[in-house]
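A structural walkthrough
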Amino acid sequence: MSGIDKSKEKWWKRAVIYQIYPRSFCDSNGDGIGDLKGILSKLDYLENLGIDAIWLSPVCKSPQDDNGYDISDYQDIDPMFGNLDDMERLIAEAKKHGISIVMDLVLNHSSDEHPWFLEAKKSKDNPYHDYYVWRDGKEGIYPNDMRACFGGSAWEWVPEIGQYYFHQFSVKQPDLNWDNPKVRREIYDMINWWIDKGVEGFRLDVIDQIAKEPDNHITGNGPRLHEFLRELSKETFQRANLVTVGEAWGADTERAKLYSDPAGSELSMVFQFEHICLDQLPGQEKWDLAPLPFLKLKEVFARWQKELYGKGWNSLFWNNHDLPRIVSRWGNDQKYRVESAKMFAILLHGLQGTPYIYQGEELGMTNVTSFEIEDYRDIETLNMYRERLEKGYSKEDIMTSLHKKSRDNARTPMQWDASDNAGFTTGTPWIQVNPNYKEINVVNQVNDEDSIFACYKKLIALRKEYDVFVDGDFELLAPENEKVFTYVRTYNGEQLLVICNFYGDTTENPVAEKVDSTMKLLCSNYSECSDSQILRPYEARMYFKK
Ligand code: GLC
Ligand code: CA
């Protein structure tokens with residue numbers, strides 16, 4: 001059992017949350033697609049790892065244009081994943097393992113196959129018309145030049161009624177109109193229905209985009225955003241002691257303090273992406289590869305740690321279903337895969353906030369570089385490929401970007417064992433497994449004390465054991481050092497010192513003088529501790545003293 005008392009207020013401060021991308025986690029019936037029964041069969045594995053909650057990417061009914069982020073019924077499960085009974089069983093069984101279920105709420109848009117939208121596009125005076133965002137216009141002359149995140153115009157023409165609807169994502173994801181109080185009421189009722197079913201938290205998809213004002217070219221951080229969130233929270237989340245995390249690409253520390261204000265008027269925390277976007281130059285797209293500015297990375301983490309201390313709460317993550325694998329992105333997924341994967345874990349799990357682990361991260365799963373364009377499934381990837389070819393990019397350039405940044409890097413099946421298809425399915429997987437599954441898999445790691453899995457397990461347990469993880473303040477050490485990320489946290493006489501060599505060469509330990517014999521080594525990524533003056537490639541150490 002996770003060992004967290006979930007009746008306590010803000011239990012999520014001590015929690016570690018594990019993200020499951022259901023399609024790619026475990027397939028129970030051989031159709032090649034992961035499902036709820038598959039997750040049920042892995043609860044023992046997750047309990048052994050020690051996590052406290054599962055953030056489940058969307059499992060509601062969906063045409064799967066964007067892998068479930070296009071929902072056509074918020075109160076039913078997609079048959080591909082199972083049914084409502086399976087979901088209720090998962091909620092109940094997970095609870096027995098000390099694990100809460102955190103559902104993914106996609107509230108910015110629905111599917112174009114949602115009954116609301118089917119009604120809405122029938123006529124301008126249909127009662128559901130106003131559930132979406134419409135503008136008059138003429139075919140071929142868009143209301144304005146706004147672009148959708150997955151390429152193309154953000155406006156789609158509906159000839160039957162002579163209007164355009166607004167979509168920030170694909171054409172199959174029409175934006176919901178939050179200015180309409182009826183929409184908000186429907187959403188609150190739906191959320192309360194899930195809370196009554198025993199769901200103990202929610203992740204809110206692109207929540208900073210709900211208060212759009214397309215006439216003013218506003219997508220993120222619209223003027224009414226925090227008003228909507230406070231109402232949403234009051235009508236739903238505040239009924240129960242839930243964990244809530246909003247996805248907010250446009251959050252800065254000031255906004256994060258509003259979102260996660262300790263009085264609980266909005267959410268528990270947000271995912272912000274300032275660190276994640278550092279290898280992208282201003283004005284460029286994520287596909288335009290750029291090196292990571294390491295000093296900036298340290299500065300960004302330090303700023304978020306300090307600014308939110310006592311005034312908000314951080315979420316901590318390197319990975320999710322939209323991001324490439326961290327060990328391939330900023331680490332070394334060849335010679336130092338194990339060392340660098342553990343270094344990322346130690347660095348992140350020593351910080352203040354709630355850590356999120358994305359499935360397979362605890363094994364050091366890597367990007368997939370064997371994929372040809374035919375092997376990709378992601379709508380963003382496929383649209384980008386087409387657009388860039390048209391713009392004249394070479395196929396080779398595009399493939400380099402995809403191997404580094406495609407969302408499908410995170411979506412290859414979970415690697416359970418060395419059998420066919422990594423034990424993910426007995427059928428043909430919806431997306432190919434990474435060919436490195438014979439080496440990188442659960443069976444190889446779960447009983448090995450030196451594995452990446454063991455390192456994550458230990459870090460999760462430490463967070464439960466020492467208050468300094470939850471409450472300690474933060475000080476960045478050696479901010480100008482170009483190789484080493486090191487910081488110290490203190491709380492009530494406890495001290496936590498983390499030292500990480502971020503690169504693959506041996507380097508001098510800039511804070512060697514801080515390590516004395518009174519310090520206990522809590523966690524590290526080399527088995528014998530060497531000379532404390534020197535850090536080996538990707539060496540990471542976590543010390544504690546009281
Ligand atoms: C979020 C999700 C992503 C999805 C998008 C549209 O960014 O994480 O997977 O494509 O929202 O719903
Ligand atoms: Ca299945």
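Quick caveat, the model's predicted, so the values are computed rather than measured.

Description of the coordination of the calcium ion (ligand 2)
Those donors, Asp27 (OD), Asn29 (OD1), Asp31 (OD), Ile33 (O) and Asp35 (OD), are the protein atoms that reach the calcium ion (ligand 2), and they lie 2.2 to 2.4 Å from it. We note that the donor set of the calcium ion (ligand 2) lies within a single chain, spaced as D-x1-N-x1-D-x1-I-x1-D.

Notes on the sheet that holds strand E7 (residues 155-158)
Strand order across the open sheet formed by 3 strands is E6-E8-E7, with antiparallel pairing between neighbours. Sheet topology places strand E6 (134-136) and E7 at the edges, where each strand pairs with a single neighbour. Averaged over all pairs of adjacent strands, the angle between strand axes in this sheet comes to 35 degrees, irrespective of strand direction. In terms of strand pairing, E7 meets strand E8 (residues 163-166) through 4 bridges, oriented antiparallel. Note that in E8 the partner of tryptophan 157 across the bridge is tyrosine 164.

Here we look at the site of ligand 1
If you check the shell around ligand 1, you find 14 residues, and the closest are Asp66, Asp205, Glu247, His321 and Asp322. Within the side chain of aspartate 66, a nitrogen or oxygen atom sits 2.5 Å from an oxygen atom of ligand 1. Within the side chain of glutamate 247, a nitrogen or oxygen atom sits 2.9 Å from an oxygen atom of ligand 1. The protein chains hide 97% of the 310 Å² of surface that ligand 1 would expose on its own. If you map ligand 1 onto the pockets, it falls in the largest pocket. Of the residues assigned to the shell around ligand 1, the class counts are 4 nonpolar, 3 polar and 7 charged.

Points about the environment of alanine 251
Counting through the fold element by element, alanine 251 comes out in the loop between strand E10 (243-247) and helix H7 (253-259). For the pair formed by alanine 251 and glutamate 396, sequence separation is 145 residues and the distance between their alpha carbons is 34 Å. Those residues in contact with alanine 251, other than ones at most four positions away along the chain, are Asp208, Tyr259, Val270, Gln272 and Trp304.

Quick look at the packing of aromatic side chains
Inspection of every chain in the model, using the stated rule, returns 39 aromatic pairs. Their ring planes at 70 degrees and their centres at 4.6 Å tell us that phenylalanine 271 and tyrosine 356 sit as a pair that is edge-to-face. Residue phenylalanine 271 is found in strand E11 (residues 269-271), and its partner tyrosine 356 is found in strand E13 (residues 354-358); the two are separated by 85 residues along the sequence. Accessibility assignment for this pair places phenylalanine 271 and tyrosine 356 in one class, buried. When the centroid spacing of 6.1 Å and the interplanar angle of 80 degrees are considered together, the rings of phenylalanine 485 and tyrosine 487 count as edge-to-face. The exposure class of phenylalanine 485 is buried, given its relative accessible area of 0%. One aromatic cluster is present, formed by Phe294, Phe301, Trp318, Trp330, Phe344, Phe474, Phe485, Tyr487, Phe502 and Tyr503 through successive ring pairs. When the ring centre of tryptophan 416 is taken as origin, the NZ or CZ atom of lysine 42, which lies over that ring, is 4.0 Å away. Above the plane of the ring of tyrosine 503 lies lysine 483, whose end atom (NZ or CZ) is 4.9 Å from the centre.

Some remarks on the sheet that holds strand E16 (residues 494-501)
Neighbouring strands of a sheet are bound in pairs by backbone hydrogen bonds; such pairs are parallel or else antiparallel. Taken together, 5 strands build an open sheet; the order of strands is E14-E15-E16-E20-E18 and the sheet is antiparallel. Edge positions in the sheet fall to strand E14 (475-477) and strand E18 (520-524), since each has one partner strand and no second. When strand polarity is set aside, the average angle formed by the axes of neighbouring strands in this sheet is 20 degrees. Pairing of strand E15 (residues 484-491) with E16 involves 8 bridges; the strand directions are antiparallel. Bridged to arginine 489 within E16 is leucine 496. Sheet strands in contact with helix H8 (residues 294-308) are E14 and E15, and its direction is about 15 degrees off that of E15.

Quick word on the domain arrangement of the chain
Looking at the assigned domains, one finds that the chain contains domain 1 (11-109 + 182-376 + 435-455), domain 2 (115-166) and domain 3 (470-545). Using only C-alpha atoms to locate each centre, domain 1 and domain 3 end up separated by 28 Å. Between domain 1 and domain 3, the contact holds 29 residues from the first and 32 residues from the second. Note on domain 1 versus domain 3: buried area summed over both sides is about 2600 Å², and carbon and sulfur give 71% of it. Together, Phe294, Lys298 and Ile346 form the three largest contributors to the area buried by domain 1 at its contact with domain 3, with a combined 25%. On the surface where domain 1 and domain 3 come into contact, there are 0 salt bridges. Viewed at the interface, domain 3 and domain 1 are joined by 11 residue pairs in polar contact (both at pLDDT 80 or more).

Overview of the pattern of salt bridges
Side-chain pairing between opposite charges can occur once the charged atoms of the two side chains come close. Using the criterion set out here, one finds 43 salt bridges in the structure. When the shortest N-O distance is used, the salt bridge between lysine 464 and aspartate 52 registers 3.1 Å. In this pair, lysine 464 is assigned in helix H14 (residues 452-465) and aspartate 52 in the loop between helix H2 (43-49) and strand E2 (53-56), connecting sequence segments 412 residues apart. Here glutamate 119 and lysine 122 are joined by a salt bridge, their closest N and O atoms 2.7 Å apart. Linked by salt bridges that have partners in common, Asp66, Lys286, Asp322, Asp378, Glu380, Arg407 and Arg411 make up one network.

Quick look at the pairing of strand E1 (residues 17-20)
In E1, alternate side chains face the same way, and those of Ile17 and Gln19 on one face and Tyr18 and Ile20 on the other are all buried. In this structure, E1 lies alongside E13, joined through 3 bridges in parallel fashion. Within E13, the position partnered with glutamine 19 by the bridge is tyrosine 358. Bridge count for E1 against E2 is 4 bridges, and the pairing is parallel. Each residue of the ladder has a partner; that of glutamine 19, found in E2, is tryptophan 55.

Observations regarding the packing of helix H11 (residues 379-391) against helix H12 (residues 395-405)
Orientation of H11 relative to H12, taken along the N-to-C sense of each, is 155 degrees, at an axis distance of 10 Å. In terms of axis orientation, H11 runs roughly antiparallel to H12. For the pair H11 and H12, the crossing hand works out as right-handed. Residue-level contacts link Thr381, Met384, Tyr385, Arg388 and Leu389 of H11 to Lys395, Ile398, Met399, Ser401 and Leu402 of H12.

Re H11
Between its first and last C-alpha atoms H11 spans 18 Å; for 13 residues at 1.5 Å apiece the expected length is 18 Å, and the two agree. Where H11 is concerned, the buried positions are Ile379, Glu380, Thr381, Asn383, Met384, Tyr385 and Arg388. The secondary structure elements touched by the buried residues of H11 are H12. The N-cap of H11, judged by a side-chain oxygen 3.2 Å from the amide nitrogen of glutamate 380 a few residues on, is aspartate 378. At the C-terminal side of H11, glycine 392 shows a positive phi close to 100 degrees.

Definitions and cut-offs
Residues numbered from 1 in each chain as written. Chains lettered and ligands numbered in written order. Predicted model: local features only at pLDDT ≥ 70, side-chain atom pairs only at ≥ 80, totals over all residues. Heavy atoms only, no water. Donors = N, O, S within 2.8 Å, 3.2 Å for Na, K, Ca; no water. Pairing = 2+ DSSP bridges. Helix = DSSP H or I, 4+ residues; strand = E, 2+ residues; numbered from the N terminus. Axes fitted to C-alpha atoms, helices over the stretch in contact; angles between N-to-C directions. Near = heavy atom within 4 Å. Polar contact = N/O pair within 3.5 Å; in protein donor to acceptor, adjacent residues only side chain to side chain. Areas by Shrake-Rupley, 256 points an atom, 1.4 Å probe, with all protein chains shown as cover. 1 Å grid on protein atoms, 1.4 Å probe; cavity = no way out; pocket = protein on both sides within 12 Å on 5 of 7 lines; lining within 4 Å. Sits in = over half its atoms within 2 Å of the grid points. Nonpolar A, V, L, I, M, F, W, Y, C, P; charged D, E, K, R; others polar. Contact = heavy atoms within 4.5 Å. Phe/Tyr/Trp six-rings, centres within 6.5 Å; stacked < 30°, edge-to-face > 60°. Buried < 20%, exposed > 50% of the residue type's maximum accessible area, 1.4 Å probe, protein only. Lys NZ or Arg CZ within 6 Å of the ring centre and 35° of its normal. Domains from an automatic or database assignment. Buried area = accessible area lost by both parts, 1.4 Å probe. Salt bridge = Lys/Arg side-chain N within 4 Å of Asp/Glu carboxyl O. Parallel < 35°, antiparallel > 145°, perpendicular 65-115°, else oblique. Left-handed = near helix turned anticlockwise from the far one by under 90°. Expected span 1.5 Å × (residues − 1).

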